[in-house]
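Below, each chain spelled out in residue letters.
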Amino acid sequence: MRERYGCVGLGSMGSNEVAILLAKGYPVMAANTAKADLDSLNIPEDCKYHILNGYGSSKDRRKAKQLLAENDCENFDLLINEIKERFRKCKVIFLMASSGGGSGSGMLPAISQRLIDETDKIICIVTCIPDDNASLKEFMNCYEFFQEIESIENRGALFVIDNNKNRNKFTLNEQFACYLDAFLNAETNSTLGVVDRAEIENVLSQKGMCIINKYNSETATTQTVIEKIRENIYAPMENDGVVSNIALIHSNNKVRLNEIVDNVGQALATFEGFGADATVLAISGASLPYTKLAEIKQKIDDNKDTIKRNLLATSERRLTGSIDFLGDITSEKPKTEKKKSTRDM
């Protein structure tokens, strides 16, 4: 079933994520404005896509957008056509990029809008938010990214990994890939009930934030499942009770769906399956992590004077007065006495 799910990595974070998913058997593509970043990836060359005339975006979202817009959007059209052709047999496409970066953050919102408008596929987004020690530029990029994502209609699930949850970002990428793979391959055939392919994709089709957690059969209980809804790799969920779908796949009989509903909110639809090797919980259609984004906005506001000063410092002219010191130097050649010749004697 993995061939139904295409994964497009944009920029450094997204490319690293799809490299992990490629090893699990998913069709992938890594696109970047920086060829050096693509060259460092340990994936087949035919899975790499370099944006024409790109030399990296250096955390500048505008550079990535301008690159797509070059030559009457030729770069943009080529990239979209490549994605549509490469993943034409997929039902769902996951677009993956860091919100705080340059290339991926700048390109992903526009790419997702085009794919939503031009295909019949479910377009999901996987991103990460900067940790608390990130630069102001990363916070600004992140906030702009989510402003653009929020305005996109008919998008699918949005997964938001929180880089504060582990200093090793590669570990976070690996954990997410593990959870996503467990859910996408969670079909069971128990007589007690199943979560089928249509229900899995219904969960993924819901606009809003989505989380997926996986639990070992030996440790999965109602308490451990509920605890991990709040303590996981994702940005904190809002406590507003907004939920569209909940899917619970059981590996034992120790988890109660009704208690999960009581904890997160009454979902519009719930799906429950039994007989899996591991317990998997997916919650979709939740509110964006507005509380976390408000914290990021506050960091920007608290430093707005610093941001303005730094941006203006390089354009302000503070060196005044004349520097025409060359004008004080005469160009008159010194007079030389003419040597007498024998004719003058």
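Structure report, in brief.

For strand 6 (residues 157-162), the tally of buried residues reaches 6 of 6 residues, placing the bulk of the element in the interior. Side chains Ala157, Phe159 and Ile161 of strand 6 all project onto a buried face; the interleaved residues Leu158, Val160 and Asp162 project onto the opposite face, where all are buried too. Alignment of strand 5 (residues 122-129) against strand 6, held across 5 bridges, turns out to be parallel. Bridging from a neighbouring strand, Val126 pairs with Phe159 of strand 6. Looking at chain direction, strand 6 and strand 7 (residues 208-215) are connected through 2 bridges and run parallel. Within the sheet, the bridge partner assigned to Leu158 lies in strand 7 and is Met209.

Here we come to the state of the cysteines. Across all of its chains, the model carries 0 disulfides by this definition. Cys124 supplies the cysteine sulfur nearest to Cys210, a cysteine that is in no disulfide, at a spacing of 7.6 Å. Judged by its relative accessible area of 0%, Cys210 is buried.

Turning to the nonpolar core, a few remarks are in order. In a soluble, globular protein the nonpolar side chains are often hidden away together inside. Formed by 107 residues in total, the largest nonpolar core has its most connected members in Leu79, Phe94, Ile111, Phe159, Phe183, Leu204 and Ile212. The element contributing the most residues to this core is helix 6 (residues 169-184), with 8 residues.

Next up on the list: the pattern of salt bridges. According to the stated counting rule, one finds 18 salt bridges in the structure shown. Across the pair Lys48 and Glu45 runs a salt bridge whose closest N-O atoms are separated by 2.9 Å. Exposure remark for Lys48: the relative accessible area of 12% places this residue in the buried category. For Glu45, a relative accessible area of 56% corresponds to the exposed category. Its salt-bridge partner being Arg61, residue Glu148 comes within 2.9 Å of it at the nearest N-O pair. Taken together, the residues Glu148 in helix 5 (residues 136-150) and Arg61 in helix 3 (residues 61-86) connect sequence positions 87 residues apart.

This part takes up unusual backbone geometry. Non-glycine residue Asn53 carries a positive phi angle of around 70°. Within the secondary structure, Asn53 sits in the loop between strand 3 (48-50) and helix 3.

Read from one edge of the open sheet, 10 strands run 3-2-1-4-5-6-7-10-8-9, paired in mixed fashion. Each of the sheet's edge strands pairs with one partner strand only, and the pair in question is strand 3 and strand 9 (269-273). Sheet twist, expressed as the mean angle between neighbouring strand axes with direction ignored, is 20°. As defined by bridge partners, strand 1 (residues 5-10) adjoins strand 4 (residues 92-96) across 5 bridges and the pair is classed as parallel. Within strand 4, the residue paired with Val8 across the bridge is Leu95. Across the sheet, helix 3 is in contact with strand 1, strand 2 (28-32), strand 3 and strand 4; its angle to strand 2 comes to roughly 170°. Strand contacts of helix 5: strand 5 and strand 6, with the helix running at about 160° to strand 5, the strand carrying the most contacts.

Let's shift gears to the packing of aromatic side chains. Tallied over the full model, the rule gives 4 aromatic pairs. With centroids separated by 5.3 Å and ring planes inclined at 65°, the aromatic side chains of Phe159 and Phe176 adopt a geometry described as edge-to-face. Placement of the pair is Phe159 in strand 6 and Phe176 in helix 6, with a sequence separation of 17 residues. The exposure class assigned to Phe159 is buried, which follows from its relative accessible area of 0%. Here Phe176 and Tyr234 contribute two aromatic rings whose centre-to-centre distance is 6.5 Å and whose plane-to-plane angle is 85°, an arrangement assigned as edge-to-face. Of this pair, Phe176 sits in helix 6 while Tyr234 sits in the loop between helix 8 (222-230) and strand 8 (245-249), and the two are 58 residues apart along the sequence.

Once that is clear, we can look at the side chain of Asn252. In this fold, Asn252 is placed in the loop between strand 8 and helix 9 (257-264). Owing to a relative accessible area of 14%, Asn252 belongs among the buried residues under this scheme. Polar side-chain contacts of Asn252 include one of 2.7 Å to the backbone oxygen of Ser217. A distance of 3.1 Å separates a polar atom in the side chain of Asn252 from the backbone oxygen of Ala220. Among residues more than four places away in sequence, those in contact with Asn252 are Ser217, Ala220 and Thr279.

About the thresholds
Here the residue numbering is sequential within each chain, running from 1 through the sequence in written order. Reporting of local features is limited, given that this is a predicted model, to residues whose pLDDT is at least 70; pairs of side-chain atoms are given and counted only at 80 or more, and all residues count toward the totals for whole chains, interfaces and linings. Just so you know, side-chain values use all the structure's heavy atoms and leave hydrogens and water out. Burial status follows relative accessibility: with a 1.4 Å probe on protein chains alone, a residue under 20% of its type maximum counts as buried, one over 50% as exposed, and anything between as partly exposed. Working definition: helices are DSSP H or I runs of at least four residues, strands are E runs of at least two. Numbering for both runs from the N terminus. What makes two strands pair is DSSP finding at least two bridges between them. Note on terminology: disulfide denotes any pair of cysteine sulfur atoms within 2.5 Å. Among buried residues, the Ala, Val, Leu, Ile, Met, Phe, Trp, Tyr and Cys ones that are joined through side-chain atoms within 4.5 Å form a nonpolar core. The salt bridge definition used is simple: a Lys or Arg side-chain nitrogen within 4 Å of an Asp or Glu carboxyl oxygen. Only the stretch in contact is used when fitting a helix axis, every axis being a line fitted to C-alpha atoms; angles between N-to-C directions are given from 0 to 180 degrees. Residue contacts follow a heavy-atom distance rule, with two residues in contact if any of their heavy atoms lie within 4.5 Å. Here a pair means two rings of Phe, Tyr or Trp (six-membered ring of Trp) with centres within 6.5 Å. Their orientation is stacked below 30 degrees between planes, edge-to-face above 60, and tilted elsewhere. Throughout this description, a polar contact denotes any pair of N or O atoms lying within 3.5 Å of each other; where both atoms belong to protein, one of them has to be capable of donating a hydrogen while the other can accept it, and for residues adjacent in sequence the pair is counted only when both atoms sit in side chains.

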